[in-house]
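An overview of the molecular structure
In case you want the letters, here they are:
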Amino acid sequence: MAVDFETTGLNPEKDGILSIGLVPFTLSRIKLNQAAHWTVRPKAKLEEESVVIHGITHNDLIDAPTSTRSLKMCSMHSQEK
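Residues numbered from 1 in each chain as written. Predicted model: local features only at pLDDT ≥ 70, side-chain atom pairs only at ≥ 80, totals over all residues. Heavy atoms only, no water.

**Topic: the side chain of Ser-19**
Applied cut-off: The numbering of helices and of strands both runs from the N terminus, where a helix is a DSSP run of H or I of at least 4 residues and a strand a run of E of at least 2. Think of it in three bands: with a 1.4 Å probe and only protein chains considered, a residue is buried below 20% of the maximum accessible area for its type, exposed above 50%, and partly exposed in between. By the convention used here, residues are in contact when the closest approach between their heavy atoms is within 4.5 Å.
Position of Ser-19 relative to the elements: it lies in strand E2 (residues 17-23). What makes Ser-19 buried here is its relative accessible area of 4%. With sequence-adjacent residues up to four places away left out, Ser-19 is seen in contact with Asp-4, Phe-5, Glu-6, His-37, Trp-38, Thr-39, Val-40 and Ile-56.

Next comes the structure, spelled out in structure tokens:
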């Protein structure tokens, strides 16, 4: 399973997760049809520099669940694969 995180920065003490992506694979195949992606509502306001880097805006996160909820959904999805 390949996992990708987009974050508000590189400091784990002050920055948070904005999105989580999962792509299952084997040594012979990447299973794109089973890929999944979740957005995460950050605790703090997005900085302009962060938005420029990953392209995720406040509007993209309006209805996003909290990090706890998103990580639970991610965990459940990865256990199904």
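The discussion continues.
**Comments concerning the sheet that holds strand E3 (residues 36-39)**
As a general point, the strands of a sheet are linked pairwise by backbone hydrogen bonds and lie either parallel or antiparallel. Threshold: A pair of strands is considered paired only if DSSP assigns at least 2 bridges between the two. Every axis corresponds to a line fitted to the C-alpha atoms, with the helix fit spanning only the stretch in contact, and the corresponding angles, defined between N-to-C directions, vary from 0 to 180 degrees.
Read across the sheet, 3 strands follow the order E1-E2-E3 without closing on themselves; strand pairing throughout is antiparallel. Strands at the two margins of the open sheet, each flanked by one partner only, are strand E1 (2-7) and E3. The sheet shows a mean angle of 10° between the axes of neighbouring strands, direction not considered. Pairing geometry for E2 and E3, over 4 bridges, is antiparallel.

**Some points on the layout of surface pockets**
The following threshold applies: The way it works is a 1 Å grid over only the protein atoms, where trapped points that fit a 1.4 Å probe form a cavity and open points with protein on both sides within 12 Å along at least five of seven lines form a pocket, and then any residue with an atom within 4 Å of a point lines it. Grid points are joined across faces, edges and corners, and a volume is the space filled by probe spheres set on the points. Just so you know the grouping, Ala, Val, Leu, Ile, Met, Phe, Trp, Tyr, Cys and Pro go in nonpolar, Asp, Glu, Lys and Arg go in charged, and all remaining residues, Gly too, go in polar.
Looking at the largest pocket, its volume works out to about 410 Å³. Along the wall of the largest pocket there are 17 residues; nearest its centre are Asp-15, Gly-16, Pro-42, Lys-43 and Ala-44. Per-element tally for the lining of the largest pocket: the top contributor is helix H2 (residues 67-80), with 3 residues. Class assignment of the residues belonging to the lining of the largest pocket gives a composition of 5 nonpolar, 6 polar and 6 charged. What the second largest pocket holds in volume is close to 170 Å³. In this structure, the second largest pocket is lined by Phe-5, Glu-6, Thr-7, Thr-8, Gly-9, Leu-10, Glu-47, Glu-49, Ser-50, Ile-53 and His-54. Put simply, the parts of the chain that give the lining of the second largest pocket at least two residues each are E1 and helix H1 (48-54). Here the residues of the lining of the second largest pocket are counted per class, giving 3 nonpolar, 5 polar and 3 charged.

**What about the environment of Thr-39?**
Here Thr-39 lies in strand E3. Look at Thr-39 and you get partly exposed, because its relative accessible area is 23%.

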